[in-house]
Amino acid sequence: CQVLDHAFVPRYLQVDKVTVQHLQDHFVNFVKNDNLGQISTWLLAHADLNGADCSACEELARLHSMAVDFPKTGRPAEISAERRQELVRLTEHKQQVVGAAIISFEQVSATAHCWHLSTVS
């Protein structure tokens, strides 16, 4: 396992005084490009199907790191449209250990929630 190299992340924008416009631009950029949850799900799905040491997991780990740093750097983790479609298809068909565990947890959680609601009067 290699340590990720963070040297590739350039400074986003340095100004002497931060204005309201800077904050608005950053917020809009964040909303448009926040894909950390999707990348996390794709990383789990790939690790589930192919093992955590596959090349796709390394790529997704780099993207995950970039997505985590995005609010600080302003540099989004960019994914091509073709790659995004491929990853979406993969997560729709995950049926291995991690996928089954997530489904089981959701079922148990939903059952526990329903039980809790039925006991509260």
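What counts, and where the lines are drawn
Residues numbered from 1 in each chain as written. Predicted model: local features only at pLDDT ≥ 70, side-chain atom pairs only at ≥ 80, totals over all residues. Heavy atoms only, no water. Core = buried A, V, L, I, M, F, W, Y, C linked by side-chain atoms within 4.5 Å. Buried < 20%, exposed > 50% of the residue type's maximum accessible area, 1.4 Å probe, protein only. Helix = DSSP H or I, 4+ residues; strand = E, 2+ residues; numbered from the N terminus. Salt bridge = Lys/Arg side-chain N within 4 Å of Asp/Glu carboxyl O. Phe/Tyr/Trp six-rings, centres within 6.5 Å; stacked < 30°, edge-to-face > 60°.

Draft legend 1. Broad picture of the nonpolar core. Ile39, Trp42, Leu60, Leu63, Met66, Ala67, Ala77, Ile79 and Leu87 form the largest nonpolar core, which has nine residues in total. Those elements that place two or more of their residues in this core are helix H2 (36–50) and helix H3 (55–73). At four residues, the largest contribution of residues to this core is made by H3.

Draft legend 2. Representation of the pattern of salt bridges. One pass over the full model with this rule turns up four salt bridges. Measuring nitrogen to oxygen at the nearest pair gives 4.0 Å for the salt bridge that ties Glu58 to Arg62. Of this pair, Glu58 and Arg62 both sit in helix H3, separated by four residues, roughly a single helical turn. Judged by relative accessible area, Glu58 falls into the partly exposed class, the value being 41%. We classify Arg62 as partly exposed; its relative accessible area is 38%. For Asp69, the salt bridge is made with Lys72, and the minimal N-O distance between the two is 3.3 Å. A residue pair is termed a helical-turn pair when its members lie 3 or 4 positions apart in one helix, as Asp69 and Lys72 do in helix H3 at three residues. Of the residues examined, Lys72 reaches a relative accessible area of 69% and is grouped as exposed.

Draft legend 3. Highlighting the packing of aromatic side chains. If you walk through the whole model with that rule in mind, you get one aromatic pair. For the pair Phe30 and Phe70, a centre-to-centre distance of 5.7 Å together with 10° between the ring planes defines the contact as stacked. Highlighted residues: Phe30 in helix H1 (residues 20–33) and Phe70 in helix H3, separated in sequence by 40 residues. Owing to a relative accessible area of 1%, Phe70 belongs among the buried residues under this scheme.

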